[in-house]
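Overview (structure and organization)
Listed here are the chains, written in short residue letters.
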Amino acid sequence: MVENKKRKNKIEKRKQNKKIDTTKRVFAKEETKIIKCLVIVLIIFGFMYLVTTLILNHSEDSIYQKKKENTSIQYDEILLGTTFQKKDNEYLVLFYNVGLDTKGTYGTLISDYDAKERTIPIYYVDLGNAMNKSCLSSESNERATNASELKINDTTLIKFSNQNIEEYIVGEEEISNYLNK
């Protein structure tokens, strides 16, 4: 009897061990499935991260290059409203439409004048700019005392002295002669 009991106990222990082994195997299979899913998800996120980083770095580099190329401050172009308000005692202001100067005639005149290191600074007003169009007229006003009275009918060079008009020169040839003397 004791042997029977021992056998039964052994058989029951084997059955229990088999149950434990099968539950361990089931859990091990589930764990491997979960680990595989996590690895796949991590690989996908890593790939997306790399692609996004490459795209963003590429576009940021091009943006920074554009900003670096375009950053230059120029003080020569002024608005019509500031023509009588410059701090210099004497200065020249050239009124012309930059967009219509396809040959670059006036731009060249200004840069040549600046290259000669004249003591009188020169500025220009772009008549193509909407903020400067209020001075365009069929008649000119050579005796204007402020910007609102100023009337321009053609490309014009004005010499200011103490915020007053001293000379009023109209036409390409006359302006060229004045700046080249």
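One structure accompanies this document, and this report is about it. This is a predicted model, so every value here is computed, not measured.

Concerning the side chain of T156
Its location among the elements puts T156 in strand 3 (residues 156-161). The buried category is assigned to T156, whose relative accessible area is 0%. Ignoring anything within four residues of it in the chain, the contact list for T156 reads V93, L94, F95, Y168, I169, V170 and I175.

A look at the pattern of salt bridges
Summed over all chains, the structure comprises two salt bridges. With a shortest N-O distance of 3.6 Å, E90 and K159 are connected by a salt bridge. With E90 in strand 1 (residues 90-96) and K159 in strand 3, this pair connects stretches of sequence that are 69 residues apart. K159 sits in the buried class, given a relative accessible area of 10%. The salt bridge partner of E166 is K159, with a shortest N-O separation of 3.5 Å. Exposure remark for E166: the relative accessible area of 42% places this residue in the partly exposed category. What you see here is one network of salt bridges that share partners, running through E90, K159 and E166.

Quick notes on the nonpolar core
Counting 18 residues, the largest nonpolar core has V93, F95, L150, I152, I158 and I165 as the members making the most contacts within it. For this core, the secondary structure elements donating two or more residues are strand 1, strand 2 (122-126), strand 3 and strand 4 (164-170). For this core, the leading source of residues is strand 1, giving three residues. Apart from residues lying up to four places away in sequence, I152 is in contact with F95, L127, C135, L136, S137, E139, I158 and Y168. If you look at the next biggest cluster of nonpolar residues, it comprises 15 residues, including L92, I122, L157 and I169.

Re the packing of helix 2 (residues 105-115) against helix 3 (residues 172-180)
Remark: helix 2 packs on helix 3, axes separated minimally by 10 Å, with the N-to-C direction vectors making an angle of 10°. Classed by the angle they form, the pair helix 2 and helix 3 counts as roughly parallel. Relative to helix 3, the crossing made by helix 2 is left-handed. Facing T105, Y106, L109 and Y113 of helix 2, the residues of helix 3 in contact are E172, I175, S176, L179 and N180. For the contact of helix 2 with helix 3, the class distribution of residues is five nonpolar, three polar and one charged.

Describing a nonpolar patch on the surface
On the surface, I40, I44, F47, M48, V51 and I55 cluster together into a nonpolar patch covering about 590 Å² of accessible area. Position of V51 relative to the elements: it lies in helix 1 (residues 2-70).

Re the pairing of strand 2
Of all five residues in strand 2, five are buried, a share of seventy percent or more. The alternating pattern of strand 2 places I122, Y124 and D126 on one face and Y123 and V125 on the opposite face, and all of these are buried. Judged from the five bridges that link them, strand 1 and strand 2 form a sheet pairing that is parallel. Among the inter-strand pairings, L94 is bridged to a residue of strand 2, identified as Y124.

Scoring rules and cut-offs
- In every chain, residue numbers begin from 1 and rise along the written sequence.
- Local features in this predicted model are restricted to residues of pLDDT 70 or higher, and side-chain atom pairs are both shown and tallied only at a pLDDT of 80 or more, whereas totals for entire chains, interfaces and linings draw on every residue.
- Computation of side-chain values: all heavy atoms of the structure, hydrogens and water removed.
- A run of H or I in DSSP counts as a helix once it spans at least four residues, and a run of E counts as a strand once it spans at least two, with each numbered from the N terminus.
- Burial status follows relative accessibility: with a 1.4 Å probe on protein chains alone, a residue under 20% of its type maximum counts as buried, one over 50% as exposed, and anything between as partly exposed.
- Any pair of residues with heavy atoms lying within 4.5 Å of one another is described as a contacting pair.
- Criterion for a salt bridge: a side-chain nitrogen of Lys or Arg within 4 Å of a carboxyl oxygen of Asp or Glu.
- Buried residues of nine kinds, namely Ala, Val, Leu, Ile, Met, Phe, Trp, Tyr and Cys, make up a nonpolar core once their side-chain atoms join them within 4.5 Å.
- Here an axis means a line fitted to C-alpha atoms, over the contact stretch when the element is a helix, while the angle between two N-to-C directions is reported on a 0 to 180 degree scale.
- An angle below 35 degrees is read as roughly parallel, one above 145 as roughly antiparallel, one from 65 to 115 as roughly perpendicular, and any other as oblique.
- Should the near helix be turned anticlockwise from the far one by less than a right angle, the crossing is termed left-handed; should it be turned clockwise, right-handed.
- Throughout this entry, Asp, Glu, Lys and Arg are counted as charged residues, while Ala, Val, Leu, Ile, Met, Phe, Trp, Tyr, Cys and Pro are counted as nonpolar. The remaining residues, Gly among them, count as polar.
- Each patch is built from residues lacking any salt bridge and having more than 30% relative accessible area; the joining distance is 9 Å for like charges and 5 Å for nonpolar side chains (Val, Leu, Ile, Met, Phe, Trp, Tyr).
- We get accessible surface area from the Shrake-Rupley algorithm with a probe of 1.4 Å; when it comes to residues, only the shown protein chains can shield them.
- Pairing between strands is defined by DSSP: at least two bridges between the two strands are required.

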